[in-house]
Amino acid sequence: MATQRILDFLADRRPDGPCLVVDLDVVESNFNAFRRALPDSAIYYAVKANPAPEILSLLARLGSNFDCASVAEVEMALAAGATPARISYGNTIKKERDIARASQLGVSLFAVDCVEEVEKIARSAPGARVFCRVLTDGAGAEWPLSRKFGCVPEMAIDVLETAHALGLKATGISFHVGSQQTNTEAWDQALADAGRVFRALSEKGIVLTLVNLGGGFPTRYLKDVPTAEAYGRSIFDALRRHFGNCIPETIIEPGRGMVGDAGVIKAEVVLVSKKSVSDENRWVYLDIGKFGGLAETMDEAIRYPIVTGRDHEEKQPCVLAGPTCDSADVMYEKTPYPLPISLTVGDEILIEGTGAYTTTYASVAFNGFEPLRSYVI
Ligand SMILES: Cc1ncc(COP(=O)(O)O)c(C=O)c1O
């Protein structure tokens, strides 16, 4: 939803070209909602969702920790006021020199999903804490994270045993149930797997203490999504089921759920046309597309709410496309998007729920278009 602050900002400043406006009040309220819903879990904001310095500083002030995917993100979190103890290097794919650099900066918590990564950490960040990521099937997620990260739980046992043998602190298990996860029960299977790894290692004398529950908490796009409390309750029940009275320390890494609904993109209609006189669907071309920040429309996965000044008028489905000379730059074609018939060149539109995974997904200068500008208010 475009908040009044965002609407006032756009009305006063009238920025030219497509831009994202993020309302920090919404970020703060999302942070507080997570804190209430999962009071026993530490929050590690996934910096990749939106690394704007104002967002990181606000979250650092509110007491958030940070999940970072690279040394650059570690440096951003530090610059925003986080201490190294509040930073997790959560990417399972790291250059050894980046592990060393993060370690020099004071970071001591790292993700792994194989013995090879454990060996790098043992060499470059001796004594660090590591957690091993296990695979999930991503069912129920609109933006699944596939098989790229994680290993099967049986392998996680070997990975953490190796970490222990190499002098690292085998700390726990992590997983990610897939982004925009609309099923509140999706954490159950992964927590069952985590419980098994905890018990298997405990029999070998290695006591794990941490479960990293990852992200996945959704933003409301066109459909309602469960509340943070509903996720909190379901996760707590699953922890009880699989860990009994020995519930481990837990952390969550919300990205989309923290900032998605805090941002709105203002865009402009550049062209409305048809491909033939009998064409059923109009083509509406915007000044923003897949390369300008709307990458998550890939495979039409994320369907953003679009608001126009003519929404009280009759609508018809349109193919929605971006402005570049690349035929991949089409957002919605398989399922055309209903927009007002009277929509015309020069009309401004608002694309809501765009606070996450937009600015950093914009190309630098594809076709000469500048990266998506962002204002944080
Ligand atoms: C390790 C890790 N944690 C957290 C997140 C954030 O996920 P989400 O935006 O679904 O909350 C991601 C997203 O890719 C991730 O890779």
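For clarity, every value in this text was computed on a predicted model and none was experimentally measured.

## As for the domain arrangement of the protein chain
Argument step 1. Domain assignment breaks the protein chain into domain 1 (24-259) and domain 2 (261-376).
Argument step 2. Distance between the C-alpha centres of domain 1 and domain 2: 33 Å.
Argument step 3. The partner domain 2 presents 20 residues to the 21 residues of domain 1 that form the contact.
Argument step 4. Scanning the region where domain 1 abuts domain 2 turns up 1 salt bridge.
Argument step 5. Across the pair R256 and E296 runs a salt bridge, and its minimum N-O distance is 2.7 Å.
Argument step 6. For the pair domain 1 and domain 2, the interface holds 6 residue pairs in polar contact (both at pLDDT 80 or more).

## Looking at the pattern of salt bridges
Argument step 1. Counting across every chain of the model gives 18 salt bridges.
Argument step 2. The salt bridge involving D193 is made with R196; its shortest N-O contact spans 2.8 Å. Taken together, the positions of D193 and R196, both in helix α8 (residues 187-203) and 3 residues apart, correspond to about one turn of that helix.
Argument step 3. Via salt bridges that share partners, R5, D23 and D25 belong to a single interconnected network.

## Observations regarding the UniProt feature "active site" (unreviewed entry) in the protein chain
Argument step 1. The residues that UniProt annotates with the feature "active site" (unreviewed entry) are C325.
Argument step 2. Summarising the element assignment, C325 is placed in the loop between β15 (315-321) and β16 (330-340).

Rules used throughout
Residues numbered from 1 in each chain as written. Predicted model: local features only at pLDDT ≥ 70, side-chain atom pairs only at ≥ 80, totals over all residues. Heavy atoms only, no water. Domains from an automatic or database assignment. Contact = heavy atoms within 4.5 Å. Salt bridge = Lys/Arg side-chain N within 4 Å of Asp/Glu carboxyl O. Polar contact = N/O pair within 3.5 Å; in protein donor to acceptor, adjacent residues only side chain to side chain. Helix = DSSP H or I, 4+ residues; strand = E, 2+ residues; numbered from the N terminus. UniProt positions renumbered as here; feature names shortened; annotations may be inferred.

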